[in-house]
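Spelled out, the chains give:
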Amino acid sequence: MKKRWSKKEIWTIPNGMSLFRLLLIPIFLWLYCVKEAHIAALAVLALSALTDVFDGVVARKLDMVSDFGKILDPIADKLTQAALIFSLSVRYPEIWALFVIFALKEISIGIIGLIALKKTDTVNSAQWYGKLATVVFESSMAILLLFPSIPKTAADFLFLLCSAVILFSLVMYLLFFLQFLKDSKK
C-alpha cells in the first residue's frame, strides 16, 4: 500500500474548510444546548453547510482533491449530523429512531468502504445519493431548529423523510461498493 497522505495533500484549502466545519460543531452545540440561542445556532449550521458546498467546488477547481479530503469531508458531515440529532433529542425523543437508521447506514458504509480500500487501495468519493441524504437531513433538521413549535405530525414527517432518504442512500452505496469490488477483480 502506498503512503496515503503527504503534507501537501493534507494542508489544502478544502481540507481547511472541512476542519473548520469540525470546529463549528462544539460552537453549534454550545449555542443551541447551553445558550439556547437557536437562531445563532442555525447561523452556525448554515455556515457549516456553505463551507461543505464550497470545499468540494474549491477542491475540483484548484485541483486539490485528495484521499484525505475524501475521508475528512464525510466525517465532518456525519459528526455535524450526529450533533443535530443530539441537540434535537430533548425536544423530539422520537429522533433516536432516526439515529439508529443513521448509525446503521454509517457503520455499514464505513465497513464496506474499508473493505474496498483494503482490497483496491482506492478511496471513493461521496456519491450523489449520499449528498442528497446530507442535504435532506440537514435541511429537515434546520426546519426543526427554526420552527421549535412545529406540529408533531410535521416533525414526524421530516423524520420519516430523512429515514427514507438515508435508507435509499444505504442501498445505493451497498450496490455501488459491491459493483466496485466486482469490477476491481476483473
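By convention here, each chain's residues receive numbers from 1 onward along its written sequence. Whole-chain, interface and lining totals are the exception, using all residues; otherwise, since this is a predicted model, local features are given only for residues with pLDDT of at least 70 and side-chain atom pairs are given and counted only at 80 or more. Hydrogens and water molecules were not included; the side-chain quantities draw on all heavy atoms of the structure.

Caption draft 1: Fine view of unusual backbone geometry. Of note in the backbone geometry, glutamate 36 takes a positive phi value of approximately 55 degrees without being a glycine. Mapped onto the fold, glutamate 36 is located in the loop between α2 (13-34) and α3 (38-61). Here's how the labels work: a residue is buried when its accessible area is under 20% of the maximum for its type, exposed when over 50%, partly exposed in between, all with a 1.4 Å probe on protein chains only. With relative accessibility at 58%, the residue glutamate 36 sits in the exposed group. Located in the positive-phi region is aspartate 63, a residue other than glycine, with phi close to 55 degrees. The exposure class of aspartate 63 is exposed, given its relative accessible area of 69%. Each helix is a run of DSSP H or I of at least 4 residues and each strand a run of E of at least 2, with the numbering of both proceeding from the N terminus.

Caption draft 2: Looking closely at the pattern of salt bridges. Should a side-chain nitrogen of Lys or Arg be within 4 Å of a carboxyl oxygen of Asp or Glu, the pair is scored as a salt bridge. Counted according to the given criterion, the structure contains eight salt bridges. Where arginine 21 meets aspartate 52, a salt bridge forms, and the shortest distance between an N and an O atom there is 3.3 Å. Linking arginine 21 in helix α2 with aspartate 52 in helix α3, this pair joins segments that are 31 residues apart in sequence. For the salt bridge of arginine 21 with aspartate 77, the shortest nitrogen-to-oxygen distance reads 2.2 Å. Taken together, the positions of arginine 21 in helix α2 and aspartate 77 in helix α4 (residues 67-88) put the pair 56 residues apart, joining distant regions of the chain. For the pair arginine 21 and aspartate 77, a shared accessibility class is recorded, and that class is buried. Residues participating in the shared-partner salt-bridge network are Arg21, Asp52, Asp55, Asp73 and Asp77.

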